[in-house]
Amino acid sequence: MLCGAAAHPGKDSSMTPRKKLEGLVAATVTPMTPDGQINLSVIHQYVDYLVSEQNVKNVFVNGTTGEGLSLSIQERKQLAEEWICQGKNKLDHVIIHVGALSLPESQELARHAAAIGASGIAVMAPFFFKPTNKDELIAFLQKVASEAPAVPFYYYHIPHLTGVKIHVEELLDGIKKQIPTFQGVKFSDTDLLDLAQCISKNESKQFAFLYGVDEQLLSALAIGANGAVGSTFNYLGRKTNLMLRAFAKPDLPLAQKYQFLTGEFLNFVIKLGFGVAQTKAVMTFVSGIPMGPPRLPLVNASEEFIIKAKAKLDGIVWPDGD
Ligand SMILES: CC(=O)N[C@H](C=O)[C@@H](O)[C@H](O)[C@H](O)CO
Ligand SMILES: CC(=O)C(=O)O
């Protein structure tokens, strides 16, 4: 059942202020109908699946995995509303990615996310005309963040897709003065030196450092990441949660085992060609929820990919015997 159309779904139920974001955050795919329209009707089921089957209670909507930059502003708003509305009393955090190439569009999305009660907003660097230094990037982020002055703000660092390689360590230096709502980083890069410097220099500031390269999450946890935002937690959330638990215990050999096994699957599919289209296909066969095709320029995963990926996943023997 749809609920996003209800008047101001989150108005009286703002999810701020909340405990610090930690643990796993699923970067949601955007369900689509076979003819390429967004399919809001399965989000209710999607929320229940993440909570009950994957033990994941945080989502990151309209990001890379959600094809956020391929959606219209109207579609992004509808998705944000539906996730927040369906997630009410079920999800802990619904973070809405509001980054866009156009500053006024990004600001509009930030205002909208605030009005519907998002528990956080995230923004990636604009990637056609790019900021060339820290000050330009901060200026852009600041103009978006200030449109949602009561909503925690996260910078979404994904340099291999944006081409904006400004070190996060540099960006964070003094950021609270310019962006008082600054709350953390979604760090989707393999530069663990940069991440480590961010963490060590901001220890007392209560920022959340959420890692975004799922296949090496354990390494990021070891240097102090608070959690992770990723596409694979849609279908490997339960297993990755067991890795987090083993790490916290600490049972490092067990945590490594989980990382090796999730890595074995990812290494296999990455070699076949792995992106958002393939994530949608995997999520469809694992959850049984029809996520549909991706939007052009992305194209459907091949049947061959689906058969091979399914066989690989089914063949993994997990330490918990599952
Ligand atoms: C480019 C991309 O989508 N990265 C995701 C998050 O940032 C990750 O969750 C990856 O999908 C995942 O680590 C698999 O490579
Ligand atoms: C993976 C991720 O965080 C995203 O899809 O935006």
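In the block above lies the structure referred to throughout.
This one's a predicted model, so the numbers in the text were calculated from it and none came from an experiment.

Novice: Which residues make up the packing of aromatic side chains, and what are the values?
Specialist: Under the counting rule described, the total for this entry stands at 8 aromatic pairs. With a centroid separation of 5.3 Å and 90° between ring planes, the pair formed by Phe60 and Tyr156 is classed as edge-to-face. Taken as a pair, Phe60 in strand S2 (residues 58-61) and Tyr156 in strand S5 (residues 153-157) lie far apart in primary sequence, 96 residues in all. Its relative accessible area of 4% is what places Phe60 among the buried residues. Residue Tyr156 is classed as buried on the basis of its relative accessible area, which comes to 3%. Here the guanidinium or amino end of Lys186 rests over the ring plane of Phe60, the centre of that ring lying 5.9 Å away.

Novice: Summarise the site of ligand 2; cite the residues concerned and give the values.
Specialist: If you check the shell around ligand 2, you find Ala27, Phe60, Gly63, Thr64, Thr65, Tyr156, Lys186, Val229, Gly230 and Ser231 and nothing else. For ligand 2, an oxygen atom lies 2.8 Å from a polar atom in the backbone of Thr64. In this structure, Tyr156 approaches ligand 2 through a side-chain N or O atom, which is 2.6 Å from an oxygen atom. In the complex, the protein chains occlude 93% of the 210 Å² of accessible area that ligand 2 would expose alone. Its residues assigned to classes, the shell around ligand 2 comprises 4 nonpolar, 5 polar and 1 charged.

Novice: Any details on the side chain of His97? Residues and values, ideally.
Specialist: Following the sequence through the fold, His97 ends up in strand S3 (residues 93-97). Residue classification places His97 among the buried positions, given a relative accessible area of 0%. A polar atom in the side chain of His97 sits 3.4 Å from the backbone nitrogen of Met124. Those residues in contact with His97 that lie beyond four places of it in its chain are Phe60, Val61, Asn62, Gly63, Leu69, Arg76, Ala122, Val123, Met124 and Tyr156.

How each quantity is defined
- Residues numbered from 1 in each chain as written.
- Chains lettered and ligands numbered in written order.
- Predicted model: local features only at pLDDT ≥ 70, side-chain atom pairs only at ≥ 80, totals over all residues.
- Heavy atoms only, no water.
- Phe/Tyr/Trp six-rings, centres within 6.5 Å; stacked < 30°, edge-to-face > 60°.
- Helix = DSSP H or I, 4+ residues; strand = E, 2+ residues; numbered from the N terminus.
- Buried < 20%, exposed > 50% of the residue type's maximum accessible area, 1.4 Å probe, protein only.
- Lys NZ or Arg CZ within 6 Å of the ring centre and 35° of its normal.
- Near = heavy atom within 4 Å.
- Polar contact = N/O pair within 3.5 Å; in protein donor to acceptor, adjacent residues only side chain to side chain.
- Areas by Shrake-Rupley, 256 points an atom, 1.4 Å probe, with all protein chains shown as cover.
- Nonpolar A, V, L, I, M, F, W, Y, C, P; charged D, E, K, R; others polar.
- Contact = heavy atoms within 4.5 Å.

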